[in-house]
Amino acid sequence: MTKVKVAGLSVSLDGFAAGIDQSLDRPLGLRGEELFQWFFPTRAFRQMLGKGDGETGLDDRFGQRAMEGFGAFILGRNMFGPIRGEWPDDQWKGWWGDNPPYHAPTFILTHYPRPSIEMLGGTTFHFVTGGIEEALQRARKAAGAKDIKIGGGADTVRQYIQAGHVDEIHLAFSPVALGQGEPLFSGIDLHALGYRTVEHVPTERATHIVLAK
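Residues numbered from 1 in each chain as written. Predicted model: local features only at pLDDT ≥ 70, side-chain atom pairs only at ≥ 80, totals over all residues. Heavy atoms only, no water.

I tried to follow the layout of surface pockets on my own but got confused; where do I start?
Regions of empty space are outlined by a rolling probe, equal in size to a water molecule, passed over the atoms. Put simply, the second largest pocket is a space of about 260 Å³. If you go around the second largest pocket, you meet 17 residues; those closest to its centre are M48, M67, P101, Y102 and H103. Among the secondary structure elements, those contributing two or more residues to the lining of the second largest pocket are α1 (43-48), α2 (58-65) and β2 (70-76). Of the residues forming the lining of the second largest pocket, the biggest block, 3 residues, is contributed by α1. Across the lining of the second largest pocket, the residue classes tally to 9 nonpolar, 6 polar and 2 charged. (1 Å grid on protein atoms, 1.4 Å probe; cavity = no way out; pocket = protein on both sides within 12 Å on 5 of 7 lines; lining within 4 Å. Points joined across faces, edges and corners; volume = space filled by probe spheres on them. Helix = DSSP H or I, 4+ residues; strand = E, 2+ residues; numbered from the N terminus. Nonpolar A, V, L, I, M, F, W, Y, C, P; charged D, E, K, R; others polar.)

Help me understand the packing of aromatic side chains, please; the structure alone is not making it clear to me.
Aromatic ring pairs are defined here through the distance separating the ring centres and the angle between the ring planes. Taken as a whole and judged by the stated rule, the model has 13 aromatic pairs. Aromatic pair W87 and F127: ring centres 5.5 Å apart, planes at 70°, arrangement edge-to-face. Of this pair, W87 sits in the loop between α3 (77-80) and β3 (105-109) while F127 sits in strand β5 (residues 124-128); the two residues are 40 residues apart in sequence, bridging distant segments of the chain. Both residues of the pair, W87 and F127, belong to the buried class. Here Y102 and F125 contribute two aromatic rings whose centre-to-centre distance is 6.2 Å and whose plane-to-plane angle is 75°, an arrangement assigned as edge-to-face. Placement of the pair is Y102 in the loop between α3 and β3 and F125 in strand β5, with a sequence separation of 23 residues. Per residue, the accessibility class of Y102 equals that of F125, and both read buried. Of the aromatic side chains, those joined through ring pairs into one cluster are F70, F73, F80, W87, Y102, F125 and F127. The positively charged end of R77 is found above the aromatic ring belonging to W87, 3.7 Å away from the centroid. Between R114 and the ring centre of W87, over which it is positioned, the NZ or CZ distance is 4.8 Å. (Phe/Tyr/Trp six-rings, centres within 6.5 Å; stacked < 30°, edge-to-face > 60°. Buried < 20%, exposed > 50% of the residue type's maximum accessible area, 1.4 Å probe, protein only. Lys NZ or Arg CZ within 6 Å of the ring centre and 35° of its normal.)

For this particular structure, what's the right way to read the pattern of salt bridges?
Pairs may arise between side chains of opposite charge once their charged atoms sit close together. Applying the stated criterion to the full structure yields 8 salt bridges. A salt bridge links K5 to D147, with the shortest nitrogen-to-oxygen separation between them at 3.3 Å. Separated by 142 residues along the polypeptide, K5 in strand β1 (residues 4-11) and D147 in strand β6 (residues 147-150) bring together distant segments of the chain. No difference in accessibility class separates K5 from D147, as the two residues are buried. The shortest N-O distance in the salt bridge between E55 and R205 comes to 2.9 Å. (Salt bridge = Lys/Arg side-chain N within 4 Å of Asp/Glu carboxyl O.)

Spatial relationships are all this shows, so hold off on functional conclusions.
Rendered as structure tokens:
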């Protein structure tokens, strides 16, 4: 049965999933890259860059799991790019270049319509203006028997959790306090929503927590 998952979501000790002031030069916001120091050295991340090296081990295993077995992805607009408001043109095609790491239909939440973009490697970006329910409905149809990943950012993840759609949440807590950023847990009562910890794995660079209903 298809599950809806959050996977590989890095979070600071004070509950932020990204820094403030995202820009073209700072896709993760101010100091946001500090949240992913567990992921950047792994083979899983290096493979996304087309490289054959990288560390193996527990962090790599969680990194691999965070991208495997998904038949569709749902992303907030900020996960696609730094552009706000109306699309000025069709030039921007995402952070990852011509061959994004999704390799599956990927649905972008936005208020502004735009034609779908077919990329290399099996990724097609579809722009959804009807909200989270429409995006999930389309993702379920596209995913078939595979799972669906809610890929961020924090506001998108919160909306799907609050709506009761997320079956499993993997959080990688990094040992850093950002002080300010995009809050993940604001307005969410994970216990009341029925989540319990099913995995708890510390590594040198992060603590991986998997929650499920």
